Amino acid sequence: MWILTPTISETRLSSFGTIQKEDWLSGVHFLADALRTAIVAIHQLPQTPETLWLRLLGRGSVQSQAIIELQALPLDHPYQKATLELVYNLRENLRVNQELETDDRELIMRLEPLYQRNREQAKEEGRQEGEKDLILRQLHRRIGEIDALLIERITALSIEQLENLGEALLDFSSVADLEAWLTQHSI
């Protein structure tokens, strides 16, 4: 069993008779082996990407630092996406509880813009993927089979460029027309 706590004193840890194993992170304190239980003192965890989502559950400066680290990650970073998904689930679970603690409300409010930004990016990526798929189907129907290199070039286009290609392809009669358009409009 894992017991997560934002903070815990050394006195309290000692009263449980916990030990810290050498091959484990600081902040993870084990009770007797027969109990198969550990206490995770979130405020004692190292500041690493692997502990980020746990530190978001901390309090005060630990939580604030974790939020800053999360915001600093690139939008497509896997830790950011996974962490935001976990926080979203936490947010939904906390909303069910009408009597949120001030700290929980503050966590939700501070992470909401980051979650919204991530959702907007996912929508944009989905829109771009859909646009690309439509263009490829239209090109296939209009000019036939397209080789992998051309598909790769089309995939690299922005949404605006894909929309422009969608209009231009109505005038294409061959693969050469597509190649000429890509040469002229690719960045």
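Relevant structure appears above.
Residues numbered from 1 in each chain as written. Predicted model: local features only at pLDDT ≥ 70, side-chain atom pairs only at ≥ 80, totals over all residues. Heavy atoms only, no water.

## Re the pattern of salt bridges
For the structure shown, the criterion picks out seven salt bridges. With a shortest N-O distance of 4.0 Å, Arg-127 and Glu-124 are connected by a salt bridge. On the criterion of helical spacing, the pair formed by Arg-127 and Glu-124 is a turn pair, its members being three residues apart in helix 5 (residues 102-143). Overall, the relative accessible area of 40% leaves Glu-124 in the partly exposed class. In this structure, Arg-127 engages Glu-163 in a salt bridge whose closest nitrogen and oxygen atoms are separated by 2.6 Å. With Arg-127 in helix 5 and Glu-163 in helix 7 (residues 159-168), this pair connects stretches of sequence that are 36 residues apart. Linked by salt bridges that have partners in common, Glu-124, Arg-127 and Glu-163 make up one network. (Salt bridge = Lys/Arg side-chain N within 4 Å of Asp/Glu carboxyl O. Helix = DSSP H or I, 4+ residues; strand = E, 2+ residues; numbered from the N terminus. Buried < 20%, exposed > 50% of the residue type's maximum accessible area, 1.4 Å probe, protein only.)

## Focus on the sheet that holds strand 1 (residues 2-5)
Strands sit in the order 1-3-2 across an open sheet of three strands; the sheet is mixed. Because the sheet does not close on itself, it has two edges, and the strands there are strand 1 and strand 2 (28-30). Ignoring which end each strand starts from, the neighbouring axes of this sheet average 20° apart. (Pairing = 2+ DSSP bridges. Axes fitted to C-alpha atoms, helices over the stretch in contact; angles between N-to-C directions.)

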